[in-house]
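Structural overview
Each chain is listed here by its residues.
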Amino acid sequence: MTTIRDVARQAGVSIASVSRVVNGREGVGTEITERVRQAVSELGFQPNSVASSLKTARTHILACVIPDISNPFFPELVRAVEDAARAAGYATLLCNTDDDPDKEADYLRLLDRRRVDGLILIPCHDEAPPAALLHLAARGTPVIIVDRRMDGFACDIVLTDNRRGGRLAARHLLELGHRRIGILNRAPDTSTARERDAGFRAVLSPAGAYDP
C-alpha cells in the first residue's frame, strides 16, 4: 500500500509538504504542490482517513438516527440531510431504531465509539435521555433532535407544529360534511402523537364530531 513517505520520495519533497498539500493547508509553493499532486496521481495514494481522524479528532461523518426508513416521511428528511452534509464535506451514517429504546441506545454507543462529528436524532420516546446520548453530548458532539421532543435534554430542536396540523385536518373533515370522525394514532409515547391528538380533539369535540 502506498504511503505518504512513498509520495514524498517520488515528489522529492518532505513528508510535511505532502501532508500540507493532501490536507489542503497553506504554506507550500505552487511548484511543490504540483509535484506532490502528480506523485499522488501516479502512485494512486489514498490518505488514511482513520489515522487522520485520530490526529485531528474529526471524522467528517454525521449520523442520522431515525425510527423507520420505510415511513415515507423519513427518506425525504434523510435525503435532505445527506445533500447538505455532502455539500459541506461530510458523509452521512444512517441508523434505524424501529422505535426500540434498546436498539437506539446500542446505536448511540456505537456512534460515540466512532467519534461522529454530529448527530441528528429522532428519539424513540419523550422520556429522559438515555445514558448513551448524555455521554455522547458530554464529549462535545453536537446533537439536533428532529420531529419529537425529549424531556430533560437541552439541544437544538426542529419541530413541526403537529397541534396545528391536527386542527387543520379536523377542520377539513368538518368542511367536507363529516360528523362522525375517529382518530387513528400511535400510542401517546411521543410529543408528535400527543400534539396531533390534541389538535384533532380541540376542533372535533366542540363540534360533537369526535367518535372515540
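Source: prediction; values computed, not measured.

This part takes up the overall build of the protein. When its secondary structure is counted, the protein shows 9 helices and 5 strands. Taken over C-alpha atoms, the radius of gyration comes to 25 Å for the protein, far larger than the 17 Å a tight globule of 212 residues would show. The buried share among the 212 residues of the protein stands at 34%. Put simply, 60% of the contacts in the protein that link residues at least 6 apart link residues at least 24 apart. Summing over all exposed atoms, the protein offers an accessible surface of approximately 12,900 Å²; the carbon and sulfur share of this is 52%. Side-chain charges of the protein comprise 28 positive and 28 negative groups, with the mean position of each set lying 3 Å from the other.

Over its 14 residues, helix α3 (residues 30-43) extends 20 Å from the first C-alpha to the last, a length consistent with the 20 Å expected when each residue adds 1.5 Å. Within α3, burial applies to Thr 33, Val 36 and Ala 39. For α3, the buried positions fall inside an angular range of 130 degrees around the axis, keeping them on one side. Every exposed residue of α3 that faces more than 90 degrees away from the buried side is listed here: Thr 30, Glu 31, Arg 37 and Ser 41. Residues of α3 that are buried make contact with α1 (4-11) and α2 (15-22). A positive backbone phi angle near 65 degrees is found at Gly 44, which sits one or two residues after α3.

Before going further, it helps to examine helix α8 (residues 162-175). The terminal C-alpha atoms of α8, which comprises 14 residues, lie 20 Å apart, in line with the 20 Å expected from a rise of 1.5 Å per residue. Those residues of α8 that are buried lie in contact with α9 (191-204).

Working note: regular strand, side chains alternate between the two faces of the sheet. For strand β3 (residues 118-121) and strand β4 (residues 143-146), the ladder comprises 3 bridges, and the chain directions are parallel. Along β4, the bridge assignment pairs Leu 121 with Ile 145. A crossover connection joins β3 to the parallel β4 through helix α7 (residues 131-138); in handedness this β-α-β unit is right-handed. Taken together, the 3 bridges between β4 and strand β5 (residues 156-158) define a ladder with parallel strand orientation.

What follows covers the pattern of salt bridges. Pairing between side chains of opposite charge can happen when their charged atoms approach one another. A full pass over the atoms with the stated rule returns 15 salt bridges. Between Arg 9 and Asp 6 there is a salt bridge, with the nearest N and O atoms lying 3.1 Å from each other. Of this pair, Arg 9 and Asp 6 both sit in helix α1, 3 residues apart, which is roughly one turn of the helix. The salt bridge partner of Asp 197 is Arg 201, with a shortest N-O separation of 2.5 Å. In this pair, Asp 197 and Arg 201 are both assigned in helix α9, 4 residues apart and thus about one turn of the helix distant. You can call Arg 201 partly exposed: its relative accessible area is 34%. Where salt bridges share partners, they join Asp 99, Asp 147, Arg 148, Arg 186 and Asp 189 into one cluster.

Enumeration according to the criterion identifies 0 disulfides in this entry. Cys 95 supplies the cysteine sulfur nearest to Cys 124, a cysteine that is in no disulfide, at a spacing of 12 Å. Looking at Cys 124, the relative accessible area reads 2%, which means it is buried.

It is worth spelling out the packing of α1 against α3 at this point. Where α1 meets α3, the axes come as close as 9 Å, and the angle between the chain directions of the two elements is 120 degrees. It follows that α1 is oblique to α3 by the angle criterion. As α1 packs across α3, the resulting crossing turns out to be right-handed. Contact with α1, carried on its side by Asp 6, Val 7, Gln 10 and Ala 11, involves Arg 35, Val 36, Ala 39, Val 40, Glu 42 and Leu 43 of α3 and no other residues of that element.

As a further point, take the sheet that holds strand β2 (residues 91-96). If you trace the 5 strands from one edge of the open sheet to the other, you get β2-β1-β3-β4-β5, paired in parallel fashion. Strands with a single pairing partner mark the edges of an open sheet, and in this sheet they are β2 and β5. Taken pair by pair, the neighbouring strands of this sheet meet at an average axis angle of 20 degrees, ignoring direction. Contacts from helix α6 (residues 101-114) reach β1 (61-66), β2 and β3, with the element oriented near 155 degrees to β2.

Rules of the game
- Residues numbered from 1 in each chain as written.
- Predicted model: local features only at pLDDT ≥ 70, side-chain atom pairs only at ≥ 80, totals over all residues.
- Heavy atoms only, no water.
- Helix = DSSP H or I, 4+ residues; strand = E, 2+ residues; numbered from the N terminus.
- Rg over C-alpha atoms; globule rule 2.2 N^0.38 Å.
- Buried < 20%, exposed > 50% of the residue type's maximum accessible area, 1.4 Å probe, protein only.
- Contact = heavy atoms within 4.5 Å.
- Areas by Shrake-Rupley, 256 points an atom, 1.4 Å probe, with all protein chains shown as cover.
- Lys, Arg positive; Asp, Glu negative; His and termini not counted.
- Charge placed at Lys NZ, Arg CZ, Asp CG, Glu CD.
- Expected span 1.5 Å × (residues − 1).
- Arc of directions from axis to C-beta.
- Pairing = 2+ DSSP bridges.
- Right-handed = clockwise from strand over helix to strand, strands pointing away.
- Salt bridge = Lys/Arg side-chain N within 4 Å of Asp/Glu carboxyl O.
- Disulfide = S-S within 2.5 Å.
- Axes fitted to C-alpha atoms, helices over the stretch in contact; angles between N-to-C directions.
- Parallel < 35°, antiparallel > 145°, perpendicular 65-115°, else oblique.
- Left-handed = near helix turned anticlockwise from the far one by under 90°.

On their own, these measurements won't tell you what the molecule is for.
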